[in-house]
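Understanding the architecture of this molecule
Below, each chain spelled out in residue letters.
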Amino acid sequence: YRTEWTPILLTPALIIAGIGSVWSRSLARTLLPLTSALALLNGMLGLFYHGRGVLRRPGGTKLPLYNILYGPPIFAPLLFSAAGFLGLLASLLRRAK
């Protein structure tokens, strides 16, 4: 199962939902929470796969510092999860009337 393409597809959707929710209440209630939850889930899945990739490198757990530095970046998917988390928080906010 390959997941490299999911952030590429989710990023424009998250941007459109985030900017569109400024003007549209329906986007803020439907599209923003959906895309944000998918981004959060995708980041968590990416963290798992990047951690697994570090462990599968030659040396595995015997060379942890080397594999963390030169393997797949473990914390990079968490940045995408943070965008999803912030989108979920923003979707919980209500506009002043």
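Structural notes, computed from the coordinates. (Residues numbered from 1 in each chain as written. Predicted model: local features only at pLDDT ≥ 70, side-chain atom pairs only at ≥ 80, totals over all residues. Heavy atoms only, no water.)

**What to know about the environment of Leu 79**
Mapped onto the elements, Leu 79 comes out in helix H5 (residues 76-92). As a C-alpha pair, Leu 79 and Ala 90 span 11 residues in sequence and 17 Å in three-dimensional space. (Helix = DSSP H or I, 4+ residues; strand = E, 2+ residues; numbered from the N terminus.)

**Points about helix H3 (residues 31-56)**
Taking 1.5 Å per residue as the helical rise, H3 with its 26 residues ought to reach 38 Å, and the 37 Å between its terminal C-alpha atoms agrees with that figure. Among the residues of H3, Leu 32, Thr 35, Ser 36, Ala 39, Asn 42, Gly 43, Gly 46 and Val 54 are the ones counted as buried. Tucked into the core, H3 has its buried residues touching helix H1 (6-23), helix H2 (25-29), helix H4 (64-70) and H5. (Expected span 1.5 Å × (residues − 1). Buried < 20%, exposed > 50% of the residue type's maximum accessible area, 1.4 Å probe, protein only. Contact = heavy atoms within 4.5 Å.)

**Some words on the packing of aromatic side chains**
Tallied over the full model, the rule gives 2 aromatic pairs. Plain terms: the ring middles of Tyr 66 and Tyr 70 are 4.9 Å apart, the flat faces sit at 45° to each other, and that makes the pair tilted. One end of the pair, Tyr 66, and the other, Tyr 70, are both in helix H4, 4 residues apart, so they sit about a helical turn from each other. On the basis of relative accessibility, which here comes to 46%, the residue Tyr 66 falls in the partly exposed class. (Phe/Tyr/Trp six-rings, centres within 6.5 Å; stacked < 30°, edge-to-face > 60°.)

**Quick word on the packing of H1 against H3**
With their axes 9 Å apart at the nearest point, H1 and H3 run at an angle of 145° to one another. By crossing handedness, the relation of H1 to H3 is classed as left-handed. Residues Thr 6, Pro 7, Leu 10, Ala 13, Leu 14, Ala 17, Gly 18 and Ser 21 of H1 form the contact with H3, whose participating residues are Leu 31, Leu 32, Thr 35, Ser 36, Leu 38, Ala 39 and Asn 42. Split into classes, the residues belonging to the contact of H1 with H3 amount to 9 nonpolar, 6 polar and no charged. (Axes fitted to C-alpha atoms, helices over the stretch in contact; angles between N-to-C directions. Left-handed = near helix turned anticlockwise from the far one by under 90°. Nonpolar A, V, L, I, M, F, W, Y, C, P; charged D, E, K, R; others polar.)

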